[in-house]
Amino acid sequence: VSTQSTGDVVHQNLNAYMICDQPVDKRRALSQWTALKDTLNKNGLPTDICPPIEGAVDMVFSANSAIVLNNKALIAHMAVEPRRKESPHYAQWFKDNGFEVEELGKIAKPYMFCEGNAEFSPTFDLSRYFYGWGQRTAESAYEPVVDFFSLDKKDVFKVRLIDERFYHLDVSMAPLSLGHVMFYPGAFDQPSIHRIYDALGGRDKAVELTLEEGLQFSCNCISFIDKEGKGVIVAPQFSERLRKILQDLGYKCVEVEYDQFLLSGGAVRCSVVDIAQVRQ
C-alpha cells in the first residue's frame, strides 16, 4: 500500500537529509510518485492507495505506517512528533481493509518507539526477520513487536544502526526476492553485522554496498517476483558495480527517478508498505 504524494515532502529537519535549502518541485514529485506506481503495476505488483490527510506532509512515506504480517498490522509509534497524526488514519485504513489492528503507542511504554516496516525487514521467504534500532526506533520495542506477531525470538535478529545518515533499516538493508540480502555494513555496529551473516547462514547470500552506493539509497528499493517469475529490484539508482553484481545473481534492475523525495531522505521503499506478507 502507498499514500499518494501531494508534493509536500519536505517540511523540517527530521533526518540528516532534510536540510530544507532546496525547494521541492511539487509537480515533479507527484509525477515521480505516479511513475513509481505505474512501474510496479507494469511489472505485476498491484498497489492499494491510502488517501492522505491534510497537514501530514510526510505521509507519502507509508513504510512508516505499520509493521504488517499475516493479516495483522501493528501501527507505528513515531519517534518524531510531526508524524504521529498519521497513526490513527492508518489504523482506520487497515481496519477498513480487514486487518487485525493494534497501535503500538497504546500497548507499549511511551519511549518504545518503532517506526513501522521501515525498521522491520523479513527475508523474502519470511523465515527470518531483522529488527532495526538505534536511531528512530527503540531496542525496547522489540518485545511488543515479537509478541504481537507471535514470532519466535530466534528468528528475529536485532541489528543496531549507528550512522545518522542510515536512520532507518530500510535505507540500510534490503532483503531481495531471490533470497539475498543487500546492506551497507557501515550502517551497523560490528555485532549486528555478524548477526546478519548468522541469519543468512554465511556470506554467500549477502550483497554488501559501498558507502557511495548506500548514500544513493540503493538499499531503499522494492524487490519482488514479476509475472514471468523473474526477480526484480526497483531503486532510485544502481552503480555500475552493483548493477552487474545483481544481474549476475539473476535480478532485473529497474531505475526510477525519485530525486524530489531524496530531498526528504526517502526513496521508493519508503513509499510503500507490503501488506501481502503471509507466512506459510
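Anything mentioned here points back to the structure above.
Quick summary incoming for the structure in this document. (Residues numbered from 1 in each chain as written. Predicted model: local features only at pLDDT ≥ 70, side-chain atom pairs only at ≥ 80, totals over all residues. Heavy atoms only, no water.)

Attention now moves to the overall build of the protein chain. A count of helices and strands for the protein chain gives 8 helices and 14 strands. On the principal axes, the C-alpha backbone points of the protein chain span a range of 45 × 45 × 35 Å. With 280 residues in all, the protein chain has 56% of them scored as buried. Put simply, 71% of the contacts in the protein chain that link residues at least 6 apart link residues at least 24 apart. (Helix = DSSP H or I, 4+ residues; strand = E, 2+ residues; numbered from the N terminus. Buried < 20%, exposed > 50% of the residue type's maximum accessible area, 1.4 Å probe, protein only. Contact = heavy atoms within 4.5 Å.)

Turning our attention to unusual backbone geometry. You will see that Asn71, though not glycine, has its phi angle at about 60 degrees, which is positive. Mapped onto the fold, Asn71 is located in the loop between β3 (66-69) and β4 (72-75). Take Asn71: its relative accessible area is 44%, and that puts it in the partly exposed class. One non-glycine residue with positive phi stands out, namely Leu126, at about 60 degrees. Positionally, Leu126 belongs in the loop between β6 (120-122) and β7 (129-133). The class for Leu126 is buried, based on a relative accessible area of 5%.

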